[in-house]
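Survey of secondary and tertiary structure
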Amino acid sequence: MATITRPVPPKNEPRRPNIASASVQLPAVRDYEQVDREIVGTLHPTVAWFIGLGIAVFFLLIGIGTWMYQIYSGLGVAGYNPPVMWGVYIITFVFWIGIGHAGTLISAILYLFRAGFRTTIYRCAEAMTVFAVMTAALFPILHLGRPWKFFWLIPYPNWRYIWPQFKSPLVWDVFAILTYFTISSTFLFIGLIPDVAVLRDRENISPIRKRIFSVLSLGWRNTDNEWRHFARAYLFLAALSTPLVLSVHSVVSFDFAMALTPGWHTTIFPPYFVAGAIFSGMGMVFTIIIPLRKWWGLKHYVTINHLDAAAKLCLFTSLIVGCAYMTEWFVAWFSGNEVEQSFFANRIWGQWWWASAILYTCNMVLPLSLFSQRLRRSPTWLFLLSFTVNIGMWFERFVIVVPSLSHEFEPWQWTSYRPTWVDYGILCGSFGWFAMWFMLFIKQLPVIAISEVKEIVPPKLRTAHPHGIDPAGRHFEYEADTPGEYA
Amino acid sequence: MQGVLGAFHELDAAVSAIEALKKDRLGAIRVFTPTPRHELEEAITAPPSSVRRFTLIGGLLGVTFGYWIAIWVSDYWPLVVGGKPIASWVPYTIFGFEVMVLIGGLSTVLGLLINSRVPRLTMMVGYDPRFSHGDYGVWVECPPDKVRTAETLLKEHGAVEVRRER
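Here, residues in each chain are numbered from 1, in the same order as that chain's written sequence. Starting at A for chains and at 1 for ligands, labels are handed out in the order in which the entities are written. Restriction of local features to residues with pLDDT of at least 70 applies here, the model being predicted, together with a cutoff of 80 or more for giving and counting side-chain atom pairs; totals for whole chains, interfaces and linings are based on all residues.

Let us look at the overall build of chain B. The helix and strand labels rest on DSSP assignments: H or I over at least four residues marks a helix, E over at least two residues marks a strand, and numbering proceeds from the N terminus. Counting its secondary structure elements, chain B contains five helices and four strands. Along the chain direction, N to C, the helices and strands of chain B fall in the order β-α-β-α-α-α-β-α-β. The C-alpha radius of gyration computed for chain B amounts to 25 Å, which surpasses the reference 15 Å derived for 166 residues by more than 25%, pointing to a less compact arrangement than a globule. The dimensions of chain B, computed from C-alpha atoms along their principal axes, are 85 × 30 × 30 Å. For chain B, buried positions account for 46% of its 166 residues. Intrachain contacts of chain B at a sequence separation of at least 6 include 82% that bridge at least 24 residues. Here the radius of gyration uses the C-alpha set of atoms, whereas the globule reference equals 2.2 Å times the residue count to the power 0.38. Three classes are used. A residue is buried when 20 or more other C-beta atoms lie within 10 Å of its own, exposed when 12 or fewer do, and partly exposed in between, with C-beta atoms placed from the backbone. We call two residues in contact when the distance between their C-beta atoms, placed using the backbone, is within 7 Å.

Here you go:
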């Protein structure tokens, strides 16, 4: 909860466009009515939105068609080449789980740290988390030859002679991801309740939508009692989600690290995976939020200062990931383990050099551009960079999965792997599935948190606010051309 | 339940009205606000939320259940490997942790719902849709003989609309 809205510094003080406190401000948002009007205004469907939704559904249909072909023909059409029995599906599974990490990081961890720049981007990131985990959850099922037996995967005691193995990382993974999905969805829904109440209380709303919003808002009435408990519950959910973010991708990394396979059996995997997940999630946040702020005219909500701060986080996680890559090389060399050294040589200079080159360029080299303030404050560059981050992080998982399995201990086992059109079709379908849910979300529910934005907008006052806000809620000193606020 | 509702455009007007109502001890006060504000919270001086108890109890139950289910299943369907314990607490800490977060989180939500008295099928007395948009509402529950005093007080402190409700 915010009490004090910091003003833009008076004229006699030097202007610094890129200061931490500036990231909290929304100088062009003057009152609560404007917040309601502009954010609720984004919910009206447009032709461009229908086209976008159509493209998403088209990709989804490609995925569904491909999957049906795979079910009919068997998993052999998916490009597996023993012993490479994990391929595009597990790569894409880890990719989407990673994408899902930035949402809870932004909404929970940055909330605990009181990082103001999260306010206008967290809802988008939270929704992204839920839909990304929904997408990831498809892949264990897609990977099955008989997907209708998917419930056999769930580790409950049964009479099918399939005993739950609670020491298996795959069972840990099931628990971790189910918990993460449940808590992320709950966190998203709880945060949405006051905003749905705003939608419910609008004039000129159809009776059916009003009834739906009434149910979804649970009869929320904005009383002091409700807010008091809401703030506390939100804080505790954030506190519980914070270690959860760190644990989930650690557990995903155990899927690999618990095996003896070269390249996988290393203790660096948990922090390396967590940092990589946050890095990829930040990339996807940029991919989504930058077009949205432009198309919907919300540049005064998601300001350049917000993007700048988020870019710094992206850069920081990129440095951690880059450090982890170099540590991997060092460990392979320093361990004196010939199998490990041979594997790394093959990964970097051998048959997989091209995948490693893409990975290192996209994840280590290009993000270094974010040391430049000018590039951090360029939405165009951030948008382009976000694509390279997404590509780089997909290839990171490719480089983890495929080179290890194709270059294990025994030379006679060494092989290659080439995805087929079925793999690519299902990969496309996963993007279509994710995009479809996101497109539906952004036109039904506010993608910027209305009630939290109102917390940082100066309230109307009868007398002047001691922090430089006039009785109408406007900042005393405000210039529309404040550097960096509009771009 | 009867009382008087005052609607305010300005935050400081609502705060001063609450302070005056509390000073005159007219009755229980409820505030409607589009967003949480510390100014209002301080004026009301409500006790700390008890949601934290739900979180604590849920978390403790969750961690206990997480360890117990893994140990019980391992003992009931044992996978015997030479030199390895049937139930090993180290990997089972993952279950303990995950189920603690799961049950703790869901208990927190339960605590929110119970304490906030939601979900509700009907709107409460005194609620107005404007309170979710930008205005502040101050509702004071008072007996008929004090209604006029409450109305006067709310108007004096800048209420743009004052009405009796029951």
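Here we come to the interface of chain A and chain B. Across the contact, 53 residues belong to chain A and 58 residues belong to chain B. Counting residues per element, the ones that place at least two in the side of chain A that touches chain B are α1 (32-40), α5 (169-200), α7 (224-257) and α15 (450-456) of chain A. Ranked by residues supplied to the side of chain A that touches chain B, first place goes to α7 of chain A with 16 residues. Polar here means any residue outside two lists: the nonpolar Ala, Val, Leu, Ile, Met, Phe, Trp, Tyr, Cys and Pro, and the charged Asp, Glu, Lys and Arg; Gly therefore counts as polar. Its residues assigned to classes, the side of chain A that touches chain B comprises 26 nonpolar, 13 polar and 14 charged.

Looking now at unusual backbone geometry. Residues and elements named next belong to chain A. Here the residue pair Pro82 and Pro83 is connected by a cis peptide bond, since its omega of 5 degrees sits within 30 degrees of zero. Positive phi is not limited to glycine here, since Leu218 has a value of about 60 degrees. With respect to the helices and strands, the residue Leu218 is situated in the loop between α6 (207-216) and α7. Backbone geometry places Asn222, a non-glycine residue, at a positive phi of 60 degrees. For Asn222, the position within the fold is in the loop between α6 and α7. Judged by C-beta crowding, with 26 C-beta atoms within 10 Å, Asn222 ranks as buried.

Let us look at the domain arrangement of chain B. Here the limits of each domain have been adopted from an automatic or database domain assignment. In terms of domain boundaries, chain B breaks down into domain 1 (3-46 + 123-165) and domain 2 (51-116). Taking only C-alpha atoms into account, the centre of domain 1 of chain B sits 45 Å from that of domain 2 of chain B.

Next up on the list: the nonpolar core. Among the nonpolar cores identified, the biggest contains 147 residues, and Met128, Val285 and Ala310 of chain A are the most heavily contacted of them. Looking at this core element by element, the count peaks at 16 residues for helix α3 (residues 88-112) of chain A. Sequence-distant contacts of Ala310 of chain A, defined by excluding residues within four places in its chain, comprise Phe117, Ile121, Met282 and Val285 of chain A. Judged by nonpolar contacts, the second largest core, of 27 residues, contains Leu11, Ile18, Leu26 and Cys142 of chain B. In this description, a nonpolar core means buried residues of the types Ala, Val, Leu, Ile, Met, Phe, Trp, Tyr and Cys, linked to one another by C-beta atoms lying within 7 Å.

Here we come to helix α1 (residues 11-24) of chain B. All names here are of chain B. In a regular helix each residue adds 1.5 Å, so 14 residues correspond to 20 Å; α1 covers 20 Å between its end C-alpha atoms and thus fits that length. Looking only at α1, the buried set comprises Leu11, Asp12, Ala13, Ala14, Val15, Ala17, Ile18 and Leu21. As for α1, its buried residues are in contact with β1 (3-8), β2 (29-32), α2 (38-44), β3 (136-141) and α5 (147-156). Note on α1: the residue one or two positions beyond its end, Arg25, has a positive phi of about 50 degrees. Given a helix with a known number of residues, its expected span is that number minus one, times 1.5 Å.

Residues and elements named next belong to chain A. The axes used here are C-alpha line fits, helices contributing only the stretch in contact, and every angle between their N-to-C directions lies in the interval 0 to 180 degrees. Helix α13 (residues 379-405) packs onto helix α8 (residues 269-295) with a crossing angle of 140 degrees between their chain directions and a minimal axis gap of 8 Å. With respect to their mutual orientation, α8 and α13 come out oblique. Here α8 and α13 pass one another in a crossing that is left-handed. Across the interface between the two elements, Gly276, Phe279, Ser280, Gly283, Met284, Phe286, Thr287 and Ile290 of α8 pack against Pro379, Leu382, Phe383, Ser386, Phe387, Val389, Asn390, Met393 and Glu396 of α13. For the contact of α8 with α13, the class distribution of residues is ten nonpolar, six polar and one charged. Any angle between 65 and 115 degrees counts as roughly perpendicular, while under 35 counts as roughly parallel, over 145 as roughly antiparallel, and the rest as oblique. The handedness criterion is simple: a crossing whose near helix is rotated anticlockwise from the far helix by less than a right angle is left-handed, and one whose near helix is rotated clockwise is right-handed.

Whether parallel or antiparallel, the strands of a sheet pair through hydrogen bonds between backbone atoms. All names here are of chain B. Strand pairing requires that DSSP identify at least two bridges connecting the strands. With respect to topology, four strands assemble into an open sheet ordered β2-β3-β1-β4, the strand pairing being antiparallel. Edge strands, defined here as strands with exactly one partner in the open sheet, are β2 and β4 (161-165). Adjacent strand axes in the sheet meet at a mean angle of 20 degrees, parallel and antiparallel pairs treated alike. Summarising the sheet, β2 and β3 pair through four bridges and their orientation is antiparallel. Among the inter-strand pairings, Val31 is bridged to a residue of β3, identified as Val138. Relative to β3, α1 is tilted by about 10 degrees, and along the sheet it contacts β1, β2 and β3.

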